[in-house]
Structure formats: structure tokens, C-alpha cells
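One letter stands for each residue in the lines below.
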Amino acid sequence: MNNTEEIVSLCKRRGIIFPGSDVYGGMAGTWDFGPLGVAIKKKIMDEWWNFWVEKRDDIYGIDAAILMNPRTWVASGHTATFSDPLVECGNCHGRFRADHLGDFSEHVTRQELMDAAAKCPTCHQCDWGEVRQFNMMFETHVGAVKNDTSVAYLRPETAQGIFTNYKNVVDSIYPDIPFGLAQQGKAFRNEISPRDFILRDRECSQMEIEYFVHPDTWEENFEKLLDETHYFLTDVMKLPKSKLHDLEVPAEDRAHYSKRTVDIEFDYPNGREELMGIAYRSDFDLQNIMKASGKNVEYRDKNTKETFVPHVIEPSIGVERLMFAVLSAAYDEDEIDGSRRVVLRLPENLAPFRFCVSPLLKNKSELVEKAKFVYDKLREKYGNVTWDDSGNIGKRYRKQDEIGTPKCVVIDFDTLEDGTVTVRDRDTAKQTRIKIEEL
Ligand SMILES: [Zn+2]
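Residues numbered from 1 in each chain as written. Predicted model: local features only at pLDDT ≥ 70, side-chain atom pairs only at ≥ 80, totals over all residues.

Moving on: the overall build of the chain. Helix and strand counts for the chain stand at 13 helices and 23 strands. Taken over the C-alpha atoms alone, the chain extends approximately 75 × 70 × 50 Å along its principal axes. Taking all 439 residues of the chain together, 32% fall into the buried category. For the chain, contacts bridging at least 24 residues in sequence account for 62% of all contacts bridging at least 6. (Helix = DSSP H or I, 4+ residues; strand = E, 2+ residues; numbered from the N terminus. Buried ≥ 20, exposed ≤ 12 C-beta atoms within 10 Å, placed from the backbone. Contact = placed C-beta atoms within 7 Å.)

Right under this line is the structure:
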């Protein structure tokens, strides 16, 4: 079922995700996170950091600058090959990704487009110019002078910020191998035609790990990271196993230096799409840095005294892709007492609020006072608790269902008598009475 539009509409209505620069008519390929969206996004990022960095002894965090020396992108190959095939319509002069005009490969030619009678999505003519490679890095200028020597790029991936710091980390904290370096941060790619909500945007947040291993052990470490990644997706992000699929990327589609890449795909509302990837990158990046910088990046094993350039396994995931997976897995519509409702069945650890507290009536000061007491108590214990005394109880439940609050706590006249409250469950809509102390 493709309910992307319903999810996009819910996200805007409830302050989760807005189109970027909405007030000025938008900015293609950008999205802004509202008060509830940033809460979910931050929880996703914190859970990832907690799982991969804080709870482990072998993975360390770093946070590199977005602007990097342009030599970085020459050495990494981005300057030469980080591009998509671009073609222009001879009739309306619209520009499109050539391989998206039909069932074409990334190496599609003008002749193939003409032979297949591929139509322009805008004017429906078939009149194509030559296909050329369009580099997707965002260019900018650093400093007061604007010329060829001041060119810099907004980083197209966070990974190079890790590789360029590998030597500093090894020389400063002497980690035992295997070890990983993890980073979260913004990355930018100038997509020719951004689409599919937050799946293909021009500015995104990445969470990447470069895991450095002895070359002889890459296979077992790859398996281990793949297992741990699945555990993270199903047990921490609570994504349904049935919607996750491993795709072994065939040799012809892998980077030339990689002997194995697994894409983990997810069943999004608009079809099966890549959620994340785990790639064996051999010593490709460190060797490139060694050649380009002249600095020795060999690792010396403290126990065996062996010296070698480590190989790397890279689990890489986009925060927005993960968040869309979480939102679409949680989105549901059902019927409660004969009327339809929209409900976001977010796991407790990712919901913006754990509880919503409200007095049954907002004009009865004794109820409001007691409710405030419960609200303060729960907020002290859990942190993310919200207050709602607007409209009637039914309307409050609907609103909390839509933003994914697992439990609503209502203070009524019985509370004043016996110290119990009504707790209404988001998923079942069932109400139970329990003592305040049991919350
Ligand atoms: Zn056209």
C-alpha cells in the first residue's frame, strides 16, 4: 500500500517534518524537522550512538568538519566519479537523470534514449541531447577570494572525515585492532531530481562506522557487523523483520576494490528501496590517503609487532532513510468505536513523548492541580512527558495517537478520592485504572 502522501500530510499537520523553506515556496530536496520530528530524529541518532559507541569497547566517536581540504575528494575519487548521468530535453530544456527516464543503466547513451523513445517527463517529446556526467558535489568558496584556488566542497559523505582522522586517532589513543570509528553528521549531494520525500534529499544526516581490521579477518568481522546491524534494526529501531531484506550486491555492481557489499533494503510504502549498506572497502581509502599525503598510515600490532595497512568494513546509514522506515512501519489506520483513526505505533524508545497527562476537565482547579502534580512527577522520572488540556478527552486521544504517544494518563474525580488514574493505551485504546505510584 502506498500511503506516502498520508504520511507526508500527517508529518506536516503534526509538526514532524515540513518542506524546507516552506514560507518562501520551498527549496527542492530539503526538509525541515519540526518540534516532534526533531525529537524522533534525535532519539534515533542517540540510540545508534548508544548502541555502537557507548555500549562497546571497540568503537570510538569522532566529529569532523564539514568543509575539508579539496585534496580529500581527489584522493577518494569523488572529484572524478561522484556523478550521475544528466541529459537535457531539446524541446523544453528541462534537465533529468538519464537513467530515470525508463529502465536504463547508469551508462545509458543518447542513442539508447532515442531508440527506446523515452519521453520527456515535462513536455512528453523525445528530443534528447548528449548524456553527460554531472558531479554531485556542492561547490563553495572559502575565504574572501573567489577563484579556482578557493574552491571547497560540502562533504558528500561523512566517511572521509573518519579516514582522514584515522592516523590522529591511532597516534593519540592507540586502540587495539579491530576497532571502529563512528561519526554522525550532515552530508550533501546535489541530486539532479530529488524525490520520494526524505529518501532522496540534497542534504542529509549520515551515521557511519569505519571498522578497521587485520586483512586476514575481514570476512568474520563482516559477518559479525552484519549480525549486529540486524539486531540494531529489529531490536532497537523495532523495524519488522519481514520488511528487511539483505541484497548481496553482485560483483559487477560493486566498487572495484570491494569483495563484498550487502545492501539492506526496506519495504517502504512506495516500494523496496535501499535502507543502508555494509561494504568491505579493503585498504582502498587508507592507501589513497598514504599516496596523496605521503604520511604513513600503517598499523603496528602491539602484541605480534606485525605492521600492516588495515582493511575496512563500513556500515553506513542515512538518518532520514531510517526515520522514514520507522515512520512508515509505525503508521496505521484502524477503527475505534465505529470511527476511523490514524495512529503512529512508534516504539516507546523513539516516540516524542512517553506519556500525555491531562485533567478530565480544565475548569476544575482541584483536578488541574492534581494533574500538574502527576505531570511533574512523571517528567522528573521519564523526561519526555507532554501536557494536554485542550478540547475533550476524545480529541486529545486522537491527537496523541497521531503523534505516537504510547500512554495517556487522565486525572478525574476518583483520583482525588483513591489516588488512581486512568491509563489509556495507544495501540489497543483500552483503559485501565492504576495507582499513581505504579506509573
Ligand atoms: Zn521536455
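Here the narrative resumes.
A few words now on the domain arrangement of the chain. On domain assignment, one finds that the chain holds domain 1 (4-70 + 162-187 + 207-328) and domain 2 (353-438). Between the C-alpha centres of domain 1 and domain 2 the distance comes to 39 Å. (Domains from an automatic or database assignment.)

Okay, helix H8 (residues 218-236) next. Here H8 contains 19 residues, and its C-alpha end-to-end distance of 26 Å stays within 8% of the 27 Å for a straight helix at 1.5 Å per residue. Residues of H8 that are buried include every one of Trp218, Phe222, Leu225, Thr229 and Leu233, and no others. Seen from one end, H8 has its buried residues packed into an arc of 70°, which puts them on one side. In H8, the exposed positions angled more than 90 degrees off the buried face are occupied by Glu220, Glu223, Asp227, Tyr231 and Asp235. Contacts made by the buried residues of H8 are with strand E10 (203-213), strand E11 (244-248), strand E12 (261-268), strand E13 (271-282) and strand E16 (311-318). (Expected span 1.5 Å × (residues − 1). Arc of directions from axis to C-beta.)

A separate point is the nonpolar core. Nonpolar side chains in soluble globular proteins generally cluster together in the buried interior. Ile313, Leu322, Met323, Ala325, Val326 and Val357 are the most contacted members of the largest nonpolar core, which has 77 residues in total. With 8 residues, helix H10 (residues 319-330) is the largest single contributor of residues to this core. Residue contributions to this core reach at least three from each of two domains, namely domain 1 (4-70 + 162-187 + 207-328) and domain 2 (353-438). For Met323, the residues in contact, after removing those within four places along its chain, are Ile40, Lys41, Ile44 and Ile198. One finds Cys89, Leu101, Cys120 and Val131 within the second-largest nonpolar core, a separate group that totals 11 residues. (Core = buried A, V, L, I, M, F, W, Y, C linked by C-beta atoms within 7 Å.)

Our next topic: the pairing of strand E22 (residues 420-425). As defined by bridge partners, strand E21 (residues 407-411) adjoins E22 across 4 bridges and the pair is classed as antiparallel. Of the residues in E22, the one forming a bridge with Val409 is Val423. In the sheet, E22 pairs with strand E23 (residues 431-435) via 5 bridges, with the strands oriented antiparallel. Residue Thr420 lies in a different strand from E23, and its bridge partner there is Lys435. Here E22 hands over to E23 after 5 residues, with Ala429 in that stretch at a positive phi of 65°. (Pairing = 2+ DSSP bridges.)

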